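These are the residues of each chain, in order.
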Amino acid sequence: ILNVEQSPQSLHVQEGDSTNFTCSFPSSNFYALHWYRWETAKSPEALFVMTLNGDEKKKGRISATLNTKEGYSYLYIKGSQPEDSATYLCAPNQAGTALIFGKGTTLSVSS
Amino acid sequence: ETGVTQTPRHLVMGMTNKKSLKCEQHLGHNAMYWYKQSAKKPLELMFVYSLEERVENNSVPSRFSPECPNSSHLFLHLHTLQPEDSALYLCASSQDWVSDSPLHFGNGTRLTVT
């Protein structure tokens, strides 16, 4: 079973703060790494899918990096806004397997 | 509109009941999934179907029985459930099951077993 660790478990920041979260996963047999945002009362929504070591992806104020050799990915949010409040899930998969999700990082942004 | 529709949104059932959860996707995807979200646990993969064939079954109790009649529809048949099966059940689809295509989720069915 793929072991996926996300930290921190939860985070509270003020509007305008920048923040980042970590996703750790086994580096062996890596295939892809997904990030999802899950807002309360909604369904999880895909943010990024990354496959190559050194990949960096950006969507507005949110960006992500990937290190497949050491098995980690960072998600960054620049200038957090209240609408960024959500649980952020990472999900790696190895070749030939479906996604396995971490427990997520729950972000709360106060105005 | 997520493209993936789940019904019902909420379901309360007794341990002796039989019920079914339904999932439908209009995205032209080839893979469909059932995930379970229990309190304080990560999303747990239950079943994966690719082109209507089951490709993964993660040691799920037989009281959960999936059915995929075509690539657009996925069912989860429930019978003689236990209270600990109360959870949010999420359906998802993706272009292919072993690829870098993202999952598209439905809004889930909140199941309560009494």
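Our structure's up above, just so we're on the same page.
Residues numbered from 1 in each chain as written. Chains lettered and ligands numbered in written order. Predicted model: local features only at pLDDT ≥ 70, side-chain atom pairs only at ≥ 80, totals over all residues. Heavy atoms only, no water.

Peer 1: Explain the layout of surface pockets to me, using residue names and the numbers behind them.
Peer 2: Over the atoms rolls a probe the size of a water molecule, and in doing so it shows where empty space is left. The calculated volume of the largest pocket comes to roughly 950 Å³. Taken together, 36 residues make up the lining of the largest pocket; nearest its centre are Trp38, Thr87 and Lys103 of chain A together with Gln37 and Lys41 of chain B. Elements with a contribution of two residues or more to the lining of the largest pocket: β1 (5–7) and β9 (86–94) of chain A together with β9 (87–94) of chain B. When residues of the lining of the largest pocket are assigned to their parent elements, the largest contribution, three residues, is made by β9 of chain A. Split by residue class, the lining of the largest pocket holds 13 nonpolar, 15 polar and eight charged. (1 Å grid on protein atoms, 1.4 Å probe; cavity = no way out; pocket = protein on both sides within 12 Å on 5 of 7 lines; lining within 4 Å. Points joined across faces, edges and corners; volume = space filled by probe spheres on them. Helix = DSSP H or I, 4+ residues; strand = E, 2+ residues; numbered from the N terminus. Nonpolar A, V, L, I, M, F, W, Y, C, P; charged D, E, K, R; others polar.)

Peer 1: Now, about the side chain of Gln37 of chain B: what can you tell me, with residues and values included?
Peer 2: Checked against the element boundaries, Gln37 of chain B lands in strand β4 (residues 31–37). Of the polar contacts made by the side chain of Gln37 of chain B, one reaches the backbone oxygen of Lys41 of chain B; its length is 2.5 Å. When near neighbours in sequence (up to four residues on either side) are disregarded, Gln37 of chain B contacts Trp38 of chain A together with Pro42, Leu43, Ala87 and Leu88 of chain B. (Polar contact = N/O pair within 3.5 Å; in protein donor to acceptor, adjacent residues only side chain to side chain. Contact = heavy atoms within 4.5 Å.)

Purely spatial values, then, with no claim about function.
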